[in-house]
Amino acid sequence: MDMIDRYLNAVAAQLPQDERADITAELRDLILSRFEAKEEELGRALTEDEQEAILREIGHPLVVAARYRKGPDSLVGPELFPYWLFGVKAGLMVLAAVFALTLFIRVIGGSDNFGQDIAHAFHGFFGAGLTLIGAATLAAAIFEHQGIRPAWLTKWRVKDLGAFGLADPAAWGASMTGTEAAKATWMPRSRAKPWPGGEYLFSFLATGMFVLWWIGVLHFPGLMSIQLRGEDAVVSGAPIWSILFGPILLYAFAQMAVDLASLVRPYAVRARAAARIVVAGGGLWLTWAIFEAGHWFTLTRGDETARIGGDWSMLDIDTLGRLGDGGRDLPGIASTLSVVMVWVLAFSAISLVCSVILNIWRVGRGR
Amino acid sequence: MSLDPDLYESMRLELRRGSLVLAVLACLRTERYGYTLRQALAADGLEMEESTLYPLLRRLESQGLLNSEWREEEKRKKRFYVLSPGGVSMLAALTDEWRGINASLDKLL
């Protein structure tokens, strides 16, 4: 195989199958024409080095093949880049807040290795941050490749732009000084209508982080371990979470889809309310299934284990009143957490029922 | 103040980029293959890299502005390009636009 074949093979490997032969045939003619012209100029045959120099002038096979590509030349093009940058900045700020809060909780919870906690927080933040950047880039690349341009990119309205003014962290910092001028920069104007997309954007990012954690992409160091009298105790999930893995993931995706649709069309009140009724119905079913399982977590410390679980009998005010009376040993902590969990599930169910009622009302009124 | 050569090169390329399509269309009123087209452009002061010219020819053909055919010449098969009827109309329209821009810039410059 001579030098031209090796060069053209490298180009051909990057080209679409149906155009490969045609393009390489044309490139072969170009290369031979360049060789002949140079030979005519020098009055002799070209050496291998001279031939290679001409091929280098024509371009690296990857670059030459890339010029023939019909799709976009970049993962995030100039049109999408400002949106990508804003999404990444907002996501990183949310992640920083989550990890700072996690670190804070561990520190006030009596951590005995502060340095390791900080290292975990940084490790987690950078891992999650890189995942976020990768996910945002993948989303932008799909938008570029498919030529998708959501309505919020092209039909934006001035009244929807409020949240974008909050993108400058310097304004947040300035607000901390407490001067009137700084507050005026940071605080929303009282008469201005808040940007409805802010709520959906936050919900979308938060649910997205939950999904990444749920499928094991994102890790929150120390989330499933607690300190009991200076000893590490591990919280492990009961079988119900494995059984409901798919439905919970589906529920989170449905929630994200509603948030995304709301971002695109923040004023489509009836459609959003109808979708939320369906999602809340799914949430109610999940809450019921989790509650009915009766066993949610297991606390383990050394050889000792204790179940976190409960039933209807714990849903009374007296049990709630005795919440702080549980012992400080493993069964006592598990008993306290069981009561907390029962009431969390109950409040979750009540809030979902309220969401269904509210959204039925919104479907009827259209606002 | 001295001229920043890198900035100048970047702006010069940006200025020329839009005019290259017009130059290629104008040159292909006569049938040519890629190598001779590049030589013709270079002879008129419009150097163009092969890695830019050849994909551009395919794009213009896929847009219906050029016709092409493989033919043997000098003992080798070559792909010849020429303006299609659509290309002729496009060239006329772009030439009018170019002259308009040129006249406006002449007034400003």
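Counting of residues starts from 1 at the beginning of each chain's written sequence and follows it residue by residue. Chain letters and ligand numbers both follow the written order, the letters beginning at A and the numbers at 1. The model is predicted, so local features are restricted to residues of pLDDT at least 70 and side-chain atom pairs to those at 80 or more, both for listing and for counting; the totals for chains, interfaces and linings are taken over all residues.

Asks: Can you break down helix α2 (residues 34-43) of chain B residue by residue, with the values?
Replies: Buried within α2 of chain B are the following residues: G34, Y35, L37 and R38 of chain B. The buried residues of α2 of chain B occupy an angular sector of 160° when the element is viewed end-on, so they sit on one face. Whether two residues are in contact depends on their C-beta atoms, placed from the backbone: they are in contact if these lie within 7 Å. Secondary structure elements are defined from DSSP: runs of H or I of at least 4 residues count as helices, runs of E of at least 2 residues count as strands, and each element is numbered from the N terminus. The elements touched by buried residues of α2 of chain B are α2 (17-42) of chain A together with α1 (5-27), β1 (32-33), α3 (50-62) and β3 (76-83) of chain B. At the C-terminal side of α2 of chain B, G45 of chain B shows a positive phi close to 90°. Backbone-placed C-beta atoms define the burial measure: a residue is buried with 20 or more other C-beta atoms within 10 Å of its own, exposed with 12 or fewer, and partly exposed in between. The directions from the helix axis to the C-beta atoms form the arc being described.

Asks: Tell me about the sheet that holds β1 of chain B, residues and numbers included.
Replies: All names here are of chain B. Taking strand neighbours across the sheet as the criterion, the 3 strands line up as β1-β3-β2 in an open arrangement whose pairing is antiparallel. Pairing within the sheet leaves two strands with one partner each, and these edge strands are β1 and β2 (66-73). A strand pair is defined by DSSP finding two or more bridges across the two strands. Where β2 lies against β3, 8 bridges are found, and the strand directions are antiparallel. Note that in β3 the partner of L66 across the bridge is L83.

Asks: With reference to specific residues and values, describe the confidence of the model for chain A.
Replies: Residue and element names in this part refer to chain A. Per residue, pLDDT captures the predictor's confidence, and it can take any value from 0 to 100. In the predicted model, chain A carries a mean pLDDT of 79, and the fraction of residues at 70 or more is 79%. Taken element by element, chain A is modelled with least confidence in helix α8 (residues 169-175), mean pLDDT 52, and with most confidence in helix α1 (residues 3-12), mean pLDDT 92. Ignoring residues within four places in sequence, the model shows residues 188-194, a span with pLDDT below 50, making 5 contacts including any to other chains.

Asks: If you had to explain the interface of chain A and chain B to someone new, which residues and values would you point to?
Replies: Where the parts come together, the accessible area they lose is often given as the size of the interface. Taken together, the 12 residues of chain A in the interface contact 12 residues of chain B. At the level of elements, α2 and α4 (61-67) of chain A are the ones that each hand at least two residues to the side of chain A that touches chain B. Sort the elements by how many residues they give to the side of chain A that touches chain B and α2 of chain A lands first, with 6 residues. Its residues assigned to classes, the side of chain A that touches chain B comprises 7 nonpolar, 2 polar and 3 charged. Under the convention adopted here, Pro, Cys and the residues Ala, Val, Leu, Ile, Met, Phe, Trp and Tyr are nonpolar, Asp, Glu, Lys and Arg are charged, and Gly plus all remaining residues are polar.

Asks: An account of the nonpolar core is requested, with residue identities and associated values reported.
Replies: V11 and L27 of chain A together with L28 and L66 of chain B are the most contacted members of the largest nonpolar core, which totals 23 residues. When residues of this core are traced back to their parent elements, those giving at least two are α1, α2 and α4 of chain A together with α1, α2, α3 and β3 of chain B. Examining the composition of this core, we find that 4 residues originate from one element, α2 of chain A, more than from any other. Any set of buried Ala, Val, Leu, Ile, Met, Phe, Trp, Tyr and Cys residues joined through C-beta atoms within 7 Å is what this text calls a nonpolar core.

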